[in-house]
Amino acid sequence: MFCDIVDSTPLAATLDLETLQSLIDTYQQQVADCVARYDGFVAKFMGDGVLAYFGYPQAHEDDAERAVRAALDIVAAMPTLRHVDGLELACRIGIASGVVVVGDSITVGAAGEKSVLGETPNLAARLQETAPRNGVIVAASTRTLVANLFDLKTIDPLTLKGVGSGIMAWQVIAARDDASRFRATRDPSSAEFIGRDAELALVLDRWSVAAAGEGQLFLLSGEPGLGKSRLCETMLAQIATETHAEIRLQCSPYHVNSPLYPVLRHLERAAGLVHDDTPAIRRGDFARLFASDEEAERAILLLGPALGLLDAVPADAAPSGSKTEVLVLLQRLLIAPAAEHPLCILVEDAHWIDPTTQELLSLLIERLGNQRVLLLITHRPEFTPPWRSPIHHTRLAMNRLSTRACTSLIGDLARGKRLPEEVVRQIVAKSDGVPLFVEELTKSVLESGLLTEEHDSWGLDEPLPLLAIPSSLHDSFMARLDRMASVKEVAQVR
Ligand SMILES: Nc1ncnc2c1ncn2[C@@H]1O[C@H](COP(=O)(O)OP(=O)(O)O)[C@@H](O)[C@H]1O
Ligand SMILES: [Mg+2]
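Our subject in this report is the structure included herewith. Note that the structure is a prediction, hence the values are computed from the model and not measured. (Residues numbered from 1 in each chain as written. Chains lettered and ligands numbered in written order. Predicted model: local features only at pLDDT ≥ 70, side-chain atom pairs only at ≥ 80, totals over all residues. Heavy atoms only, no water.)

Let's talk about the state of the cysteines
Enumeration over the complete set of coordinates arrives at 0 disulfides. No disulfide involves C91; its sulfur sits 4.3 Å from that of C3, the nearest cysteine. Accessibility expressed as a relative area gives 0% for C91, which makes it buried. (Disulfide = S-S within 2.5 Å. Buried < 20%, exposed > 50% of the residue type's maximum accessible area, 1.4 Å probe, protein only.)

Thoughts on the site of ligand 1
Taken together, 18 residues sit near ligand 1, with G225, K228, S229, R230 and E439 positioned nearest. One nitrogen or oxygen atom from the main chain of E192 is found 3.4 Å from a nitrogen atom belonging to ligand 1. Between ligand 1 and L226, the relevant distance is 3.4 Å, taken from an oxygen atom to a main-chain nitrogen or oxygen of the residue. Considering ligand 1 on its own, with 550 Å² of exposed area, one finds that the protein chains cover 91% of that surface. Mapped onto the shell around ligand 1, the elements with two or more residues apiece are α8 (228-238) and α16 (435-447). Residues of the shell around ligand 1, tallied by class, amount to 8 nonpolar, 3 polar and 7 charged. Counting only domains with at least three residues in the shell around ligand 1, you end up with domain 2 (182-397) and domain 3 (403-493). (Near = heavy atom within 4 Å. Polar contact = N/O pair within 3.5 Å; in protein donor to acceptor, adjacent residues only side chain to side chain. Areas by Shrake-Rupley, 256 points an atom, 1.4 Å probe, with all protein chains shown as cover. Helix = DSSP H or I, 4+ residues; strand = E, 2+ residues; numbered from the N terminus. Nonpolar A, V, L, I, M, F, W, Y, C, P; charged D, E, K, R; others polar. Domains from an automatic or database assignment.)

Re unusual backbone geometry
Even without being glycine, L260 reaches a positive phi, approximately 65°. Examined against the element boundaries, L260 turns out to sit in the loop between β11 (245-250) and α9 (261-271). Of note, the phi angle at R415 is positive, near 55°, even though the residue is not glycine. On the basis of relative accessibility, which here comes to 55%, the residue R415 falls in the exposed class.

Structure below.
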């Protein structure tokens, strides 16, 4: 990510040196804070410009998304720098994704080309120059990684110095706040649901027990990409014909310490709160979630500050309720639909849950006994669920897909056309039974141009080179390696 101030030269002419310096300092501090918030790394301050890396020194599975979120936060923070002599300080941001070699012992590639090393930062810097005031522009490489998570606007192809012409780029408009990360990032062209019959049958069985009035807690664990979300979505699709209610609580990697984050987002969606509406309108919408005016008024007092329902928060206002009261209210609100219909509460990615939501779920679980509720919670293996249930309670650890299932998944992704045996063998071996890896590897082979599409098969003209790691998986692999620090060096040597 490259971020620079718009028109800093006239600024320098208008302001005295000290004011200018303190303004730039504040701006750079602000940028550094936003970058740090998403675990990025400020590589360099270049004049008023800032170059930041996401994915180095610590990789995450979602570094591209982190970069874009940080950029949006930087832009949102710019107005606080505005008040100096009526001048409006603005920035421009460019983001590109790719592999960068970091370090002092930079080796030149076999063909002698040096540009590879700096291509991505350079592209980000050039894109930044084309951005509108307080605008964020992303390269195609970044767009493929974040397309469904943000609203993006296509801009005219660019000619960039040192890069080329006809360069595609997009402007980031806003983050989308979806009820489900799975749905937001899912490729609609993905394969049929394959090879999880036993798991699906188990969840459906627990649903039918819950629907009959014996509340159930179901904990589904598995590594990223194994298919937890897909299993839940498939289960919900299967019960779509039954009258029932659904609540989704999506935990977020960016809000692990933000109290009740998934619950507040759910309430906003349930009440249809619109971001730009006035507090009065938001209050009106919110009140409709409650059966009585009295209840609604109390809830507005308790949750008003967190949901932007109050016109002004009086400075000397005493806390308007205890945490217990808030939790009890939310617990009642969550469970309320079960009075009408069987209810499925899906809590996704509990490894990112905040402590308060965790407490709320504990409270909910205590009350689950004779409710028509299935509380279905997904999480990664490193998270130890703190919940004990006095009632019926199932744990399922998902396993790798079998080779047979992987093979049939590959076949499906190849649009039913037969792939050369060698290709299938390599994908199965490399993906290690993780459906996400099967999907991404297969897609990248099909898009690589190594294969020619024939009537009912894919042909391979030359011997298959070792499959490279597709860019969509690069972050995940790096994050996995970083978690296993001791093997990283070995992997690099290979
Ligand atoms: N049983 C399956 N059959 C076909 N595709 C699957 C299956 N399980 C997972 N996938 C695909 O693999 C990818 C990762 O699955 P996902 O449910 O997002 O994993 P998790 O939630 O465990 O991280 C998704 O694109 C999903 O559609
Ligand atoms: Mg998931």
